[in-house]
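So the chains spell out like this:
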Amino acid sequence: MATEPELDVLLKTEQTFPPPPDFAAEASFRDPAVYERAAADPEAWWADWAGQLEWIEPWQQVLDWSDPPRAKWFVGGKLNVSVNCLDRHVAAGNGDKVAFHWEAEDAGETGEAGRLGITYDWLLDQTQRFANVMKGLGVGKGDVVGIYMPMVPEAAVAMLACTRIGAVHNVVFGGFSAESLRERMEVSGAKLLVTADATLRRGAPMPMKTSIEEIFGELPDMKSVVVIDRCGTNPSMTEGRDHFWAESVEAADPVCEPEPMDAEDPLYLLYTSGSTAKPKGIVHTTGGYLTQVAATHKMVFDLKENDVYWCAADIGWVTGHSYIVYGPLANGATSIMYEGAPDYPAKDRWWEIAERYGATILYTAPTVIRSFMKWGEELVLKHDLSKLRLLGSVGEPINPRAWLWYHEVIGGGRCPIVDTWWQTETGAIMISPLPGLTTTKPGSATVPLPGIEAKILDSEGEAVEEGGGTLVLSKPWPAMARTLYNEPDRFIKTYWERYGPETYLVGDAAHLDEDSYFWIVGRIDDVINVSGHRLSTMEIESALVADPGVAEAAVIGVPDEDTGQAIVAFVTPQGDAAPGEEFTTALREHVAERIGKLARPKRFFYADDLPKTRSGKIMRRLLRDIADSKDLGDVSTLRDPSVVDDLTAQVEASKKV
Ligand code: WT7
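In this convention, every chain numbers its residues from 1, walking through the sequence in written order. Restriction of local features to residues with pLDDT of at least 70 applies here, the model being predicted, together with a cutoff of 80 or more for giving and counting side-chain atom pairs; totals for whole chains, interfaces and linings are based on all residues. By convention in this description, side-chain values take in all heavy atoms of the structure and omit both hydrogens and water.

**Observations concerning the site of the ligand**
The environment of the ligand is made up of 18 residues, and the closest members are Asp 419, Thr 420, Thr 424, Arg 523 and Arg 534. Residue Pro 397 places a main-chain N or O atom 3.4 Å away from a nitrogen atom belonging to the ligand. Pairs of N or O atoms within 3.5 Å make up the polar contacts considered here, provided that, within protein, one atom can donate a hydrogen while the other can accept it, and that residues adjacent in sequence are counted only when both atoms are side-chain atoms. Separating a nitrogen atom of the ligand from a side-chain N or O atom of Asp 419 is a distance of 2.7 Å. Computed by Shrake-Rupley with a 1.4 Å probe, the accessible areas treat only the displayed protein chains as cover when residues are assessed. Calculation on the ligand without its partners gives an accessible area of 550 Å², and the protein chains cover 96% of this total. By the convention adopted, Pro, Cys, Tyr, Trp, Phe, Met, Ile, Leu, Val and Ala count as nonpolar, Lys, Arg, Asp and Glu as charged, and the other residues, Gly among them, as polar. Classifying every residue of the shell around the ligand by side-chain character gives six nonpolar, seven polar and five charged. Proximity criterion: a residue is near a molecule or strand once any of its heavy atoms comes within 4 Å of it.

Dropping the structure here:
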């Protein structure tokens, strides 16, 4: 165990991977001059990309940055996202091209019905119809629509239909709890929710509609619910409010004129965790966002006409928004969309899918790669993955061992890996190799993409040439978040105050090496990254203290072999609550109910008090050191130093198990 991190460090410094010559020879971006060209005139660079979209009215100005951090891209331009993702491909004669090879989780049992070739024609038809359904329910431009769906093609249709009429979608990951959904619907004032009766989870339907039934009574703005019948579970439907998808869509007018949207009109909201208990509603806009997701999807994945591209994320996260829906569809790509779990019915399900559809590009997260590593390479090697030509990683730093395994076993040693760094807030990939140009180093996201400028600042705010510090983005980019929904001040405070209004504070620590490569270390705020998903310590703590058995709770992230980071909770019980297995199970269940299963702490430690300063502030750093079995140094400034011994003993005991 102890040697593994050292091995990673060793590998980090030694192996580099230039683009394989045959890949480079065919790559769209082969000339390193592209970096200089973009740096010399970033506005011209992005305008070139924007020009590849279809505009209803041209823009008058590429960028207005006269009042930072308020950015306006493609000022005065008008366009419609669904037209760019659908109509223009159909008009170009590509209506019968497959947009998504959709594979149901239960395709093994249902056969044909579980394997659909979703064409651009079909998407356009369904999008227009569903847009009309929404109009009929009183949804119009600027209204917020909640989407809480499994990975079915209709999730993409619902999103695209919103863009058709200028409604603003607010997708909530299907693994979040009813309470999380309620909160996100309430704060965004959503008028309509699109959901499903149930979602398949390892072969069994898990109710969605029924499990969220209770929230509607608390959402006065929510007037209608559209339910897709995925599993035939017969959910309860409220007359006048709830409608089945299939019936409504079938009855709808198949033509819906696209709404001309201003480049700066909001496209969607996506809630993400921050350093307080309240999630942040990231606002993305239309023109700049679409420009950059389309551009980066082409550049980073070296997209070719015949690629079969598979982004294995969930549509509920930004990765799904940008690289399952908007980027690939804007580029007229063929993607794979898989509904279910990677290990159902067997642990080689992904490789069976990749082989079946002839996947050429795979984009996934390090945590998944580590699971496959654990399950063993035999499961991979029994499938023909020879069509794969490029691999991508996203969500957390990829440890060199996982990188090398991904490269060797999945990529057969021949596929470049693009380790893509970005965030919900950036909307699109920011730091990443260009696969035909960049020599990669396992564990590094390498360098900012053309047109992007990133820096590492030291504690004085000076740019670091080589070494560690705080990652910032020092130039505006088209897909940047414009604000936090209903919280403009919080937007400025969180991202644009620390180093002034022209420097975006990312919230990650990073390191710049001798070749000016970026190595992302991790978050510097109270955010935990579990399996590539961002969770707020404060949000989990407030869920815990809402339990009557909890007097106080502190939550930290610790390094974890499987999930990158794992959540550890330190709890002071209250009243009759007795720490023990039963209590722990109840607390985990409680967190699952308040936030979602992914927020359940992996380990619990109990103490009569938590380590605090004399002024009563919980010392999280100390908790991290305790969890890490580090030397704690001088603890005499604590209000009650004895709690440290108690917790240390528990941590050590738990490690022996
Ligand atoms: C945070 C953003 C980007 C979509 C999925 C997560 C971490 C993301 C990488 C990477 C190192 C990464 C950062 C970032 N992160 N990609 N390639 N290397 N770290 O989006 O939930 O907004 O989280 O994920 O810490 O700030 P998100």
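**Topic: the sheet that holds strand β23 (residues 483–484)**
Strand pairing in a sheet relies on backbone hydrogen bonds, with the paired strands running either antiparallel or parallel. Pairing is mixed across the open sheet formed by eight strands, whose spatial order is β12-β11-β8-β6-β7-β14-β15-β23. Sheet topology places β12 (242–244) and β23 at the edges, where each strand pairs with a single neighbour. By the bridge criterion, two bridges tie strand β7 (residues 168–171) to strand β14 (residues 266–272) in an arrangement that is parallel. Opposite Asn 170, over in β14, you have Leu 269 as the bridge partner. For two strands to count as paired, DSSP must find a minimum of two bridges between them. In DSSP terms, a helix is any run of H or I states spanning at least four residues, a strand is any run of E spanning at least two, and both are numbered starting from the N terminus.

**Some remarks on the environment of Val 527**
Looking at the element boundaries, Val 527 is found in strand β26 (residues 527–530). Sequence-wise, Val 527 and Leu 86 are 441 residues apart; in three dimensions their C-alpha atoms are separated by 37 Å. Here, two residues are considered to be in contact whenever any of their heavy atoms come within 4.5 Å of each other. Among all residues touching Val 527, those that are not within four sequence positions of it are Ser 273, Gly 274, Ser 275, Arg 534, Leu 535 and Gln 565.

**Some points on the pairing of strand β6 (residues 144–148)**
Residue exposure (1.4 Å probe, protein chains only): buried if accessible area is under 20% of the type maximum, exposed if over 50%, otherwise partly exposed. Of all five residues in β6, five are buried; the element is thus mostly enclosed. Neither face of β6 is left uncovered, since the one carrying Val 144, Gly 146 and Tyr 148 and the one carrying Val 145 and Ile 147 both have all their residues buried. Across four bridges, the pairing between β6 and β7 is parallel. The residue bridging Gly 146 from the neighbouring strand is Asn 170, located in β7. Assignment of crossover handedness uses the view with strands pointing away from the viewer, where a clockwise path from the first strand over the helix to the second indicates a right-handed crossover. Once the chain exits β6 it traverses helix α8 (residues 153–165) before rejoining the sheet at β7, and the crossover so formed is right-handed.

**Some words on the packing of aromatic side chains**
Ring geometry is summarised as follows: Phe, Tyr and Trp rings, the Trp one being its six-membered ring, pair when their centres sit within 6.5 Å, and such pairs are stacked at plane angles under 30 degrees, edge-to-face over 60 and tilted between the two. Scanning all chains against the criterion turns up 34 aromatic pairs. Relative to Trp 403, the ring of Phe 17 has its centre 4.7 Å away and its plane inclined at 45°; by these criteria the two rings are tilted. Here the residue Phe 17 occupies a position in the loop between α1 (3–14) and α2 (21–26), and Trp 403 occupies one in helix α17 (residues 400–410), the gap between them amounting to 386 residues. Side by side, Phe 17 and Trp 403 carry an identical accessibility label, which is buried. On the numbers, 6.0 Å between centres and 80° between planes, the contact of Phe 173 with Phe 176 is edge-to-face. Here Phe 173 matches Phe 176 in class, with each residue buried. A ring is considered to have a charge above it if a Lys NZ or an Arg CZ atom is located within 6 Å of its centre and within 35 degrees of its normal. The ring of Phe 176 is capped by Arg 184, whose NZ or CZ atom sits 4.6 Å from the centre of that ring. The residue whose ring lies beneath Lys 347 is Trp 375, and the NZ or CZ to ring-centre distance is 5.3 Å.

**Focus: the confidence of the model for the protein chain**
By definition, pLDDT measures how confident the predictor is in each residue, and it falls between 0 and 100. In this model, the protein chain carries an average pLDDT of 94, and 98% of its residues clear a pLDDT of 70 or more. Of all the helices and strands in the protein chain, α1 carries the lowest mean pLDDT, 52, while α8 carries the highest, 99.

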